[in-house]
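The lines below spell out each chain.
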Amino acid sequence: VGPKLLQYVLKVLVQSVQLLYTLLRIEQPSYILLQQNPPGLPSIAVAWVAGLWWGSSLIIDWHNYGYSIMSLSHGRSHPLVLLAKWYEKLFGRLSDYNLCVTDAMRKDLWVNFKIKAVTLYDRPASYFKETPLDLQHNLFMKLAKDYEPFRARQVELDSEAKCVGMGARSAFTQTDGSSGSVLRARGRPALLISSTSWTGRESLLFSVLNKGVFLSSPDYERFIEEGAALPALVCVITGKGPLKDYYNGLIQKLHFKHIQICTPWLEAEDYPLLLGSADLGVCLHKSSSGLDLPMKVVDMFGCCLPVCAIHFECLHELVKHNENGLIFRDSQELAKQLKMLFLDFPSLEGKLQRFRENLRESRQLRWEQSWDQTVLPLLGSRD
């Protein structure tokens, strides 16, 4: 209750007491790792105080700046934003070790905060990998129970009914009734996946989806009707957030012949399976500071899934244009990229397949390996 500023101050004070009480009751640690700052208020200061009490080293893992996220709502000149920036600068300097997620952030920490950091890129967990075809089929059949775009179209089912030995079919896969083996369905649509938190900060979302993912939909529809070798599209947008119902209402007003949109909430174990089953990922993440990288793309790359991602300053540290994906600046450019990538789909020729092969050959480190190579030498012989 009370004015918002008072609520905010009280919240910080209560969290400070709770966090400090918890830290002072644990067994004495050698290190206190503040993982994934922000949020850093009040955790940086509290972790520093606890470190003084225990004689522990403080490690801050910088993923972004809290003040830059606050500035999205309040503006960069707001007193709270300026206070948050001063706070991060002051207590960040008091840490013993600093990690960050990009070279751009490492340089910015030194130039603006005089904080020396080591770059530790985000890496995918081991369960983000390409999904075997039989697991794809199981996933698609499961999703088809609740989401129409994953179901085989009736005209395809009628055609299959005339064939002897055909088993269960989804929009993308089918089983051979005699051998039980799983095959990719003939004439299957392309599966495109994106992820969002459905917040007001993603006002770009619907305009990009409407003009980009749907390939400036009237043009895409016309190209197919004129005989262009482009597939139908199933666009899956995962995630959960306050504006999901609003955007779903807008999506339901769109009527396409060759494009279907699905906004499922997936079980945790199904998300990596779906990434490993998709044909292309689309990332609409734009950093508040321009210095962090989208974890959703890291996970997609773990699944060897090529990506089209919207441009911001340091994105090139993750997405290598024309090597493992494409970078676009607006919905029109994305539309052109998707038309080019899906031409003659599902041919094993062309850039889409080359991007996937490049991701397979890159053999990127997993998180545990990256930690062992980058952080353990920094800490010396102590575990």
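Worth saying up front: this structure is predicted, and the values here are computed from it rather than measured.

**Some points on the overall build of the chain**
Secondary structure assignment for the chain yields 15 helices and 13 strands. A buried classification covers 50% of the 383 residues belonging to the chain. Within the chain, contacts between residues separated by at least 24 positions form 69% of all contacts whose residues are at least 6 apart in sequence. Here the chain displays about 19,800 Å² of accessible surface, and carbon together with sulfur accounts for 55% of that area.

**As for the sheet that holds strand β1 (residues 31-37)**
Strand order in the open sheet made by the four strands is β1-β2-β3-β4, with parallel pairing throughout. In this open sheet, the two strands that pair with only one neighbour each are β1 and β4 (118-119). The pairing of β1 with strand β2 (residues 57-62) spans five bridges and is classified as parallel. Its bridge partner lying in β2, Leu33 is registered against Ile59. The sheet strands contacting helix α4 (residues 79-93) are β1, β2 and β3 (97-100), and the helix crosses β2 at an angle near 135 degrees.

**As for the pairing of strand β10 (residues 259-262)**
Every second residue of β10 is oriented toward a common face, with Ile259 and Ile261 on one face and Gln260 and Cys262 on the other, all of them buried. The sheet contact formed by strand β9 (residues 233-238) and β10 spans four bridges and is parallel. Residue pairing in the sheet places Cys235 in a bridge with Ile261 of β10.

**A word on the nonpolar core**
Phe150, Leu191, Ile193, Val236, Leu274, Leu275 and Val319 are the most contacted members of the largest nonpolar core, which has 36 residues in total. Put simply, the parts of the chain that give this core at least two residues each are α6 (133-144), β8 (190-195), β9, α11 (270-275), α12 (295-302) and β12 (307-310). If we skip the residues at most four places from it in the chain, Ile193 touches Val236, Thr238, Leu274, Leu275, Ala278, Leu280, Gly281, Val282, Met300 and Leu305. Listed in part, the 27 residues of the second largest apolar core include Leu192, Ile259, Ile261 and Val282.

**Considering α12**
By the criterion of burial, α12 is predominantly enclosed, with seven of the eight residues buried. Considered for burial, the residues of α12 that qualify are Lys296, Val297, Val298, Asp299, Met300, Phe301 and Gly302. In this structure, the buried residues of α12 make contact with β8, α11, β11 (280-283), β12 and α14 (351-362).

**A closer look at the environment of Leu274**
Structurally, the position occupied by Leu274 is in helix α11. The exposure class of Leu274 is buried, given its relative accessible area of 0%. In sequence terms Leu274 and Gln136 are 138 residues apart; their C-alpha atoms lie 7.5 Å from each other.

**With respect to the packing of aromatic side chains**
Taken as a whole and assessed by the stated rule, the structure comprises 13 aromatic pairs. Both rings, one in Trp48 and one in Phe91, keep their centres 5.9 Å apart while their planes meet at 65 degrees; by these two values the pair is edge-to-face. In this pair, Trp48 sits in helix α2 (residues 43-54) while Phe91 sits in helix α4, placing the two residues 43 residues apart along the sequence. The class of Trp48 is partly exposed, set by a relative accessible area of 26%.

**A few points about the confidence of the model for the chain**
When pLDDT is averaged across the chain, the result is 86; 90% of the residues are at 70 or more. Between the elements of the chain, mean pLDDT differs from a low of 48, seen in helix α8 (residues 204-213), to a high of 96, seen in α11. For residues 210-216, every residue scores under 50 in pLDDT, and the model assigns this stretch 32 contacts once sequence neighbours within four places are set aside.

What counts and how
Residues numbered from 1 in each chain as written. Predicted model: local features only at pLDDT ≥ 70, side-chain atom pairs only at ≥ 80, totals over all residues. Heavy atoms only, no water. Helix = DSSP H or I, 4+ residues; strand = E, 2+ residues; numbered from the N terminus. Buried < 20%, exposed > 50% of the residue type's maximum accessible area, 1.4 Å probe, protein only. Contact = heavy atoms within 4.5 Å. Areas by Shrake-Rupley, 256 points an atom, 1.4 Å probe, with all protein chains shown as cover. Pairing = 2+ DSSP bridges. Axes fitted to C-alpha atoms, helices over the stretch in contact; angles between N-to-C directions. Core = buried A, V, L, I, M, F, W, Y, C linked by side-chain atoms within 4.5 Å. Phe/Tyr/Trp six-rings, centres within 6.5 Å; stacked < 30°, edge-to-face > 60°. pLDDT = per-residue confidence, 0-100.

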